[in-house]
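Close look at the chain arrangement
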Amino acid sequence: MNIAIPTEAKQMQSIIEKVRAGERLNREDGVFLYQTDDLLTIGQLANEVNLQKNGRKVYFIENMSLYFTNVCEAHCAFCNFRKDQGQEGSYTLSGEEMIAYVEQHIHPDVREFHIVGGHNPHVPFQYYVDSLKALHERFPQVALKAYTAAEIDFFSRISGLNYREVIQELMKVGLVSLTGGGAEILSDEYRKKMKVDKADVSQYLQVHRTAHELGLRTHTTMLYGSVEKKEDRIDHMLQIRELQDDTNGFQVFIPLSMQPISPKASIRRRNSAFDDLKAIAISRLMLDNIKHIKAYFINIGTQLTQVALTMGASDVHGTMVKERISHAAGALTPEGITREDLIWLIKGAGRIPVERDTFYNEVKVFE
């Protein structure tokens, strides 16, 4: 008697066999993973891959989020952080003003400044260079992970310098890594619909390629949960994977769950926990050449972050003193988290917390 095996079960079994044999998943595999509702199998498989890459260790960093300006020439549909020059709530801080802010909030364990902001055309490129220089001179022990690929493209336009020259100028004053933002969804159709009024797909990828060629290790993101199709998410991952094959410069991939404009927005305006976990797990399975997948607690919450640690995530970001961009867009989570709570969060998922530096060197393991 022949027993008919459903096509879906056959396809899932094929993916399981591929992953366990160390074979790379293709676009069709990725789209199928988004179509199936078998989250537990996807999560279990992603967990197996993560354990092979990272064991039971989960990484975090003591960092501060800094925003020199929220004035921005771009009008991206999803952003509630940006302001026009002179608009109520708009600001552009000098290096001295930022140093005063940092001195009020910093503590001795902070190892990294995470610096992003608006594309402010009312100040020259030198302003952005001087901003980093002032911080680096005052806090030389703190790594400068600064600016998105979209900001680098903006700096290139206002300065007349090419990407390589822009990045080299920033490296001279202390830049050691780029942030991952500005990717959104790497689809020209998506960027048109969402009025992504900044670096296009090829420019985003070229900035990171250039940074990697200059020896920088960078981060990269995917902002999901709006108008994109599931196929767009997979195509996004595949473009990142292809660049990583060439440069091996990405340290971590960060799926970012789209936030509604208002914190009071209903549950229907937010991504489901199911979708958030899928994004983590599928990222882990598709991006076989990137060591870490980050569960960004600012967007998905601390408890879902714990679950994500059993579904492929090996990084929970950091203490994030005063995060603003996701909160401007309606995030309900804390603006930061204490070191003790991060350690508890990781241990609560049965994992080993590891404090890291910007380059994933281990600073302290909390067995």
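Residues numbered from 1 in each chain as written. Predicted model: local features only at pLDDT ≥ 70, side-chain atom pairs only at ≥ 80, totals over all residues. Heavy atoms only, no water.

**Concerning the pairing of strand 4 (residues 143-146)**
Here strand 4 shows no split at all, with Ala143 and Lys145 on one side and Leu144 and Ala146 on the other all buried. Sheet analysis places strand 3 (residues 112-115) next to strand 4, joined by 4 bridges and oriented parallel. Paired with Phe113 across the bridge in strand 4 is Leu144. Relative to strand 5 (residues 175-177), strand 4 runs parallel, the two being bridged by 2 bridges. Looking across to strand 5, one finds that Leu144 is bridged to Leu175. (Buried < 20%, exposed > 50% of the residue type's maximum accessible area, 1.4 Å probe, protein only. Helix = DSSP H or I, 4+ residues; strand = E, 2+ residues; numbered from the N terminus. Pairing = 2+ DSSP bridges.)

**A short note on the packing of helix 6 (residues 149-159) against helix 9 (residues 201-213)**
Close contact between helix 6 and helix 9 brings their axes to 9 Å; oriented N to C, the two are set at 90 degrees. By the criterion of interaxial angle, the relationship of helix 6 to helix 9 is roughly perpendicular. Between helix 6, through Ala149, Ile152 and Asp153, and helix 9, the contact on the second element is made entirely by Gln203, Tyr204, Val207 and His208. A breakdown of the residues in the contact of helix 6 with helix 9 according to their chemical character gives 4 nonpolar, 2 polar and 1 charged. (Axes fitted to C-alpha atoms, helices over the stretch in contact; angles between N-to-C directions. Parallel < 35°, antiparallel > 145°, perpendicular 65-115°, else oblique. Contact = heavy atoms within 4.5 Å. Nonpolar A, V, L, I, M, F, W, Y, C, P; charged D, E, K, R; others polar.)

**Remarks on helix 3 (residues 39-54)**
Over its 16 residues, helix 3 extends 22 Å from the first C-alpha to the last, a length consistent with the 22 Å expected when each residue adds 1.5 Å. Listed as buried for helix 3 are Leu39, Ile42, Gly43, Leu45, Ala46, Asn47, Val49, Asn50 and Asn54. Looking one or two residues past helix 3, Gly55 carries a phi angle of roughly 60 degrees, positive in sign. (Expected span 1.5 Å × (residues − 1).)

**Structural notes on the UniProt feature "binding site: [4Fe-4S] cluster" (unreviewed entry) in the chain**
According to UniProt, the positions carrying the feature "binding site: [4Fe-4S] cluster" (unreviewed entry) are Cys72, Cys76 and Cys79. With respect to the secondary-structure elements, Cys76 resides in the loop between strand 2 (63-66) and helix 4 (95-105). Judged by its relative accessible area of 8%, Cys76 is buried. (UniProt positions renumbered as here; feature names shortened; annotations may be inferred.)

**Observations concerning the side chain of Lys18**
Mapped onto the elements, Lys18 comes out in helix 1 (residues 7-20). Dropping the residues within four chain positions of it, Lys18 is found in contact with Glu23, Arg24, Leu25, Asn26 and Asp29.

**What to know about the sheet that holds strand 1 (residues 57-61)**
Taken together, 4 strands build an open sheet; the order of strands is 9-1-10-11 and the sheet is mixed. In the strand order of this sheet, the two ends are held by strand 9 (315-318) and strand 11 (362-365), each with one partner. The mean inter-strand angle of the sheet, taken between neighbouring strand axes irrespective of direction, is 25 degrees. Here 4 bridges tie strand 1 to strand 10 (residues 352-356), and the two strands are oriented parallel to one another. Bridged to Phe60 within strand 10 is Glu355.

**Here we look at the pattern of salt bridges**
A complete count under the given rule lists 26 salt bridges for this structure. In this structure, the salt-bridge partner of Glu112 is Lys145, at a minimum N-O distance of 3.2 Å. Taken together, the positions of Glu112 in strand 3 and Lys145 in strand 4 put the pair 33 residues apart, joining distant regions of the chain. Residue Asp315 is joined to Arg356 by a salt bridge in which the shortest nitrogen-to-oxygen separation is 3.0 Å. Note that Asp315 is positioned in strand 9 and Arg356 in strand 10, a separation of 41 residues in sequence. (Salt bridge = Lys/Arg side-chain N within 4 Å of Asp/Glu carboxyl O.)

**Overview of the environment of Leu45**
One can find Leu45 in helix 3. Separated by 265 residues in sequence, Leu45 and Thr310 have C-alpha atoms that sit 9.9 Å apart. Those residues in contact with Leu45 that lie beyond four places of it in its chain are Ile15, Ile16, Val19, Arg20 and Leu285.

**Comments concerning the environment of Gly89**
In this fold, Gly89 is placed in the loop between strand 2 and helix 4. The spacing of Gly89 and Asn70 is 19 residues in sequence and 8.7 Å in space, taken between C-alpha atoms.

**Observations regarding the pairing of strand 6 (residues 218-224)**
Judged by how many residues are buried, strand 6 sits mostly within the fold: 7 of 7 residues are covered. With burial as the criterion, each face of strand 6 is covered, one bearing Thr218, Thr220, Met222 and Tyr224 and the other bearing His219, Thr221 and Leu223. As paired elements, strand 6 and strand 7 (residues 250-257) share 7 bridges and run parallel to each other. Bridging across to strand 7, Thr221 finds its partner in Ile254. Assessed by its sense of winding, the connection that carries the chain from strand 6 through helix 10 (residues 230-247) to strand 7 is right-handed. (Right-handed = clockwise from strand over helix to strand, strands pointing away.)

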